[in-house]
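Each chain is listed here by its residues.
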Amino acid sequence: MMDRDRNKTLLLELQRAAGTGNARCADCGEPDPEWASYKLGIFICLNCSGIHRNLPQISRVKSLRLDFWENDLIEFMKQHGNLCAKAKYEAKVPPYYYIPRSCDCLVLREQWIRAKYEREEFVASRICQDPCSAGSREGFLWKRGRESRQFKKRRFLLSAREGVMKYYTKESRGPKAIISIENMNAMFQTEKIRHAHGLQITYNTDGPTRNLFVYHENGKEIVDWFNAIRAARYHYLRTTFPAVPEPELIPRITRNYVKEGHMEKTGPKQKEAFKVRWFCLDSLERNLVYFKNPLDAFAQGQVFIGRTDEGYEVRAGLPQGVRVKKRKPAITVVTPVREFVFLCENDREQREWMDALNGVIAQP
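Just so you know, these numbers come straight off a predicted model, no measurement behind them.

Thresholds applied
- Residue positions are given per chain, counted from 1 along the sequence in the order it is written.
- Residues qualify for local features only when their pLDDT is at least 70, as the model is predicted, and side-chain atom pairs are given and counted only at 80 or more; totals for whole chains, interfaces and linings, by contrast, use all residues.
- Computation of side-chain values covers all heavy atoms of the structure but excludes hydrogens and water.
- Per the convention used, a helix needs a DSSP run of H or I reaching at least four residues, while a strand needs a run of E reaching at least two, with both numbered from the N terminus.
- Type-normalised accessible area, obtained with a 1.4 Å probe on protein chains alone, sets the label of each residue: buried when under 20%, exposed when over 50%, and partly exposed for intermediate values.
- The contact criterion used throughout is that any non-hydrogen atoms of two residues lie within 4.5 Å.
- Any two rings among Phe, Tyr and Trp, with Trp reduced to its six-membered ring, count as a pair given centres within 6.5 Å; such a pair is stacked if its planes are under 30 degrees apart, edge-to-face if over 60, and tilted if neither.
- In this analysis the charged atom, NZ for Lys or CZ for Arg, is taken to sit over a ring once it is within 6 Å of the ring centre and within 35 degrees of the ring normal.
- Pairing between two strands is assigned when DSSP locates at least 2 bridges connecting them.
- Space inside and on the surface of the protein is sampled on a 1 Å grid over the protein atoms alone, with a cavity defined as a set of points where a 1.4 Å probe fits but cannot get out and a pocket as an open set with protein on both sides within 12 Å along at least 5 of 7 lines; lining residues have an atom within 4 Å of a point.
- Grid points are joined across faces, edges and corners, and a volume is the space filled by probe spheres set on the points.
- For this classification, the nonpolar set comprises Ala, Val, Leu, Ile, Met, Phe, Trp, Tyr, Cys and Pro, the charged set comprises Asp, Glu, Lys and Arg, and every other residue, Gly included, is treated as polar.
- UniProt positions are given in the numbering used here, feature names are shortened, and annotations may be inferred rather than shown by experiment.
- Any Lys or Arg side-chain nitrogen located within 4 Å of an Asp or Glu carboxyl oxygen qualifies as a salt bridge.
- For every element, the axis is a line fit to its C-alpha atoms; helices are fit only across the contacting stretch, and the angle between N-to-C directions ranges from 0 to 180 degrees.

Asker: If you had to explain the overall build of the protein chain to someone new, which residues and values would you point to?
Answerer: Along the protein chain, the regular secondary structure elements total 10 helices and 17 strands. If you line up the protein chain on its principal axes, its C-alpha atoms span 75 × 55 × 45 Å. Residue burial in the protein chain is summarised as follows: out of 364 residues, 49% are buried. Sequence-distant contacts, at least 24 apart, represent 50% of the contacts inside the protein chain between residues at least 6 apart.

As structure tokens, then:
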């Protein structure tokens, strides 16, 4: 019993030891990981430990607090650790490759772990791919139809060299759409699309924002598509803005919305009926884009969110003189042109939207 307690104490000391990287999950960065892989010598969080369990040839996991640790395993953990594993398994992660965090969807985290330890894609002996060649891909994805709303198999072609992504239908001889990599974004939307591998591709035409919703049955395939899009975007940004430092370019490759969800909005006169809309806040473009439904192909409109010194402000409540029948928390977004009024479902939603909008306004 004393051995068990002593080993548990040793493990927890190892997890907290400075200069080891053990205080955060080796795979997703979650703080205070309470699990470890005793084959890889790394400290990991509960969620990542579940993925490691599916790789028994490569990784074996135990709880730091609940399981018994033999002396030789403790010694192995001492000799290794997260920074040691990172030096080996993440030696050559390309700058465009998306490294998931704890808040990211399962398919991203699982494929990152498999890419590192199972396929050893980033070890020092691997030859780094040129982003231009890595940003070229051809294959089939299931795409949601704009009118039918059914998912149908479509051929997609991505070319970093040409700076475009195209997709084809069976009926069309030429491409159904040609999407410029310059204004394209991709993000995983597993809950919205209701598929574990659901990906949303967004781009701007001359008109409103356009959404494509796609998935692939194979987790590796959809993550490979996502990273190919990122490689193409990285190639575009690197060649277009050669003087911009890499740490500033990386966040611009792709991004998730700061917040999205339902609110109600009224028209410019603020006397029209409030209508429920699906809102997406894009911090990079500084746009609050809204759709009739979450899976609509085209946006109905957007509100630009500028800075405080340009006359933009977010206020809780309604503008003076505006009355509404619904007793719901309101937000007023003040712009130099007009005031936009939104109603939220509850106080928590109002607070979250205000925090998100204020975050964009505070951006330089």
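Asker: Account for the packing of aromatic side chains, with residues named and values stated.
Answerer: The final tally for this structure, using the stated rule, is 16 aromatic pairs. Ring geometry for Tyr97 against Phe122: centres 4.9 Å apart, planes inclined by 70°, an arrangement best described as edge-to-face. Residue Tyr97 is located in the loop between helix H4 (82-89) and helix H5 (106-118), and its partner Phe122 is located in the loop between H5 and helix H6 (131-134); the two are separated by 25 residues in the primary sequence. Residues Tyr97 and Phe122 agree in their burial class; the two are buried. One aromatic cluster is present, built from ring pairs that chain together Phe279, Tyr290, Phe342 and Trp353. Sitting over the ring of Tyr38, Lys62 keeps its end group 5.7 Å from the ring centre. Between Arg210 and the ring centre of Phe298, over which it is positioned, the NZ or CZ distance is 5.0 Å.

Asker: Let's hear about the pairing of strand E6 (residues 164-168): which residues, and what values?
Answerer: Across the 5 residues that make up E6, a large majority, 5, are buried. Residues Val164, Lys166 and Tyr168 line one face of E6 and the alternating positions Met165 and Tyr167 line the opposite face, and both faces are buried. In the sheet, strand E5 (residues 151-159) pairs with E6 via 5 bridges, with the strands oriented antiparallel. Looking at the pairing, Ser159 lines up with Val164 of E6.

Asker: Can you tell me about the pairing of strand E17 (residues 339-343), naming the residues and giving the values?
Answerer: Among the 5 residues that make up E17, 4 are buried, leaving the element largely enclosed by the rest of the structure. Inspection of the sheet shows strand E16 (residues 330-334) paired to E17 by 5 bridges, in the antiparallel sense. The residue bridging Thr332 from the neighbouring strand is Val341, located in E17. Joining the antiparallel neighbours E16 and E17 is a turn of 4 residues.

Asker: Tell me about the layout of surface pockets, and please be specific about residues and values.
Answerer: Approximately 800 Å³ is the volume attributed to the largest pocket. Taken together, 27 residues make up the lining of the largest pocket; nearest its centre are Cys103, Asp104, Phe188, Asn256 and Tyr257. With 3 residues, the single largest contributor to the lining of the largest pocket is helix H7 (residues 190-193). Of the residues assigned to the lining of the largest pocket, the class counts are 14 nonpolar, 5 polar and 8 charged.

Asker: So what's going on with the UniProt feature "domain: PH" (unreviewed entry) in the protein chain? Residues and values would help.
Answerer: Following the UniProt record, one finds the feature "domain: PH" (unreviewed entry) at residues 134-234 and 256-362. Between the end C-alpha atoms of residues 256-362 the distance is 18 Å, and the span holds 15% helix and 36% strand.

Asker: Lay out the pattern of salt bridges in plain terms, naming residues and giving numbers.
Answerer: On inspection of all chains with the given rule, the structure shows 30 salt bridges. The shortest N-O distance in the salt bridge between Glu90 and Lys86 comes to 3.1 Å. A relative accessible area of 44% means that Lys86 is categorised as partly exposed. Of the charged contacts in the structure, one is a salt bridge between Arg307 and Asp309, with a shortest N-O distance of 3.2 Å. Residue Arg307 is classed as partly exposed on the basis of its relative accessible area of 29%. Three or more residues joined by partner-sharing salt bridges are found here, namely Asp27, Lys86, Glu90 and Lys116.

Asker: With reference to specific residues and values, describe the sheet that holds strand E11 (residues 259-265).
Answerer: With antiparallel pairing, 7 strands are arranged side by side in an open sheet as E14-E13-E12-E11-E17-E16-E15. The open sheet has two edge strands with one neighbour each: strand E14 (301-304) and strand E15 (313-316). Put simply, the sheet's adjacent strands are angled 35° from each other on average, direction ignored. Bridging between E11 and strand E12 (residues 275-282) involves 7 bridges; their strand directions are antiparallel.

Asker: Before we move on, can you summarise empty space enclosed by the protein with the specific residues and values?
Answerer: Overall, the coordinates contain 1 cavity of 30 Å³ or more when judged by the stated rule. Within this model, the largest cavity holds a volume of roughly 70 Å³. As for the largest cavity, its lining consists of Lys143, Arg144, Gly145, Arg146, Arg210, Asn211, Leu212, Phe213, Leu295, Asp296 and Ala297. Counting only elements with at least two residues in the lining of the largest cavity, the list comes to strand E4 (136-144) and strand E10 (209-215). Looking at which element gives the most residues to the lining of the largest cavity, the answer is E10, with 4 residues.

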